[in-house]
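Results of the structural survey
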Amino acid sequence: IMACDLLFYFAESINSSEIERVQKTVVVPQGNELLSVVQDRVLQKAYLESLSMNIAPYATVVKPEDIEQGLRSIGYPAVMRPNQINSDSKNKAYFIYEESDIEKAKSLLRHGTCVLESWLVSDRAFSISAAKTATGEIRLYPIVEREYRENRLSSTYVPQNMDEELLNEMERVAQVIFGELDFSGVASVEFIVTPANALYVGVV
């Protein structure tokens, strides 16, 4: 690495602290701030809250009793995931529909701190990608809609005749989120739209 003039990374599972160390001797245009936010669900939610973004209610779970306490606050159904996102924990999650599901969800604590999040009822999910230059210029790509079947992505397409107000709000939110992060490169943000047409920011 020390012989490189420039280093790019494309996998979100790479260690952000390693990128921070490498930056001392090698140019890394993407930086490590975005990576740090992407890999830490609590940090990500705190960042979005600091920008007054509309996100699903959540609770931080450190010990088993935090699950019941969190459910009293956010209600059922909920989904619990490990806080740190890496190759081992990325796709691990437990859905909690009723009290009997809590015991199984406790096993996720072996990965450390977890995030318990309200499961929003929605039949529409979107994402928007953006390229940000070293000078801070942001160029947005077309919004895409994602369809899921049995919690698995089944198709992605550019929606036709999309509500203009909703489209403009997603673009505005993306500009704000990416504008505040120090990075160069390409990133995406996901959205959920409820049947009542309420827009929630999903993940960055």
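Procedures and definitions
- Residues numbered from 1 in each chain as written.
- Predicted model: local features only at pLDDT ≥ 70, side-chain atom pairs only at ≥ 80, totals over all residues.
- Heavy atoms only, no water.
- Pairing = 2+ DSSP bridges.
- Helix = DSSP H or I, 4+ residues; strand = E, 2+ residues; numbered from the N terminus.
- Axes fitted to C-alpha atoms, helices over the stretch in contact; angles between N-to-C directions.
- Core = buried A, V, L, I, M, F, W, Y, C linked by side-chain atoms within 4.5 Å.
- Buried < 20%, exposed > 50% of the residue type's maximum accessible area, 1.4 Å probe, protein only.
- Salt bridge = Lys/Arg side-chain N within 4 Å of Asp/Glu carboxyl O.

1. Re the sheet that holds strand S2 (residues 78-82)
Reading across the sheet, the four strands line up as S1-S4-S2-S3 and stay open at both edges, with antiparallel pairing between neighbours. The outermost strands of the open sheet, each flanked by one partner alone, are strand S1 (58-61) and strand S3 (94-96). On average, adjacent strands in this sheet sit at an angle of 25° to one another, irrespective of strand direction. Note: S1 against strand S4 (residues 114-118), four bridges, orientation antiparallel. Note that in S4 the partner of Tyr58 across the bridge is Glu117.

2. Regarding the nonpolar core
Counting 28 residues, the largest nonpolar core has Met53, Met170, Ile177, Phe178, Val189, Phe191 and Val201 as the members making the most contacts within it. Of all elements in the fold, only helix H2 (33-39), helix H3 (41-50), strand S5 (124-132), helix H6 (164-180), strand S9 (185-193) and strand S10 (199-201) reach the threshold of two or more residues within this core. The element best represented in this core is H6, accounting for six residues. Counting residues in hydrophobic clusters, the runner-up holds 13 residues, among them Val61, Ile67, Ile102 and Leu109.

3. Section: the pattern of salt bridges
What the rule picks out here adds up to seven salt bridges. Glu145 serves as the salt-bridge partner of Arg124, at 2.9 Å between the closest nitrogen and oxygen. One end of the pair, Arg124, is in strand S5; the other, Glu145, is in strand S7 (residues 144-149), with 21 residues separating them in the sequence. With a relative accessible area of 32%, Arg124 lands in the partly exposed category. Bridged by salt links that share partners, the residues Lys45, Arg81 and Glu117 form one connected network.

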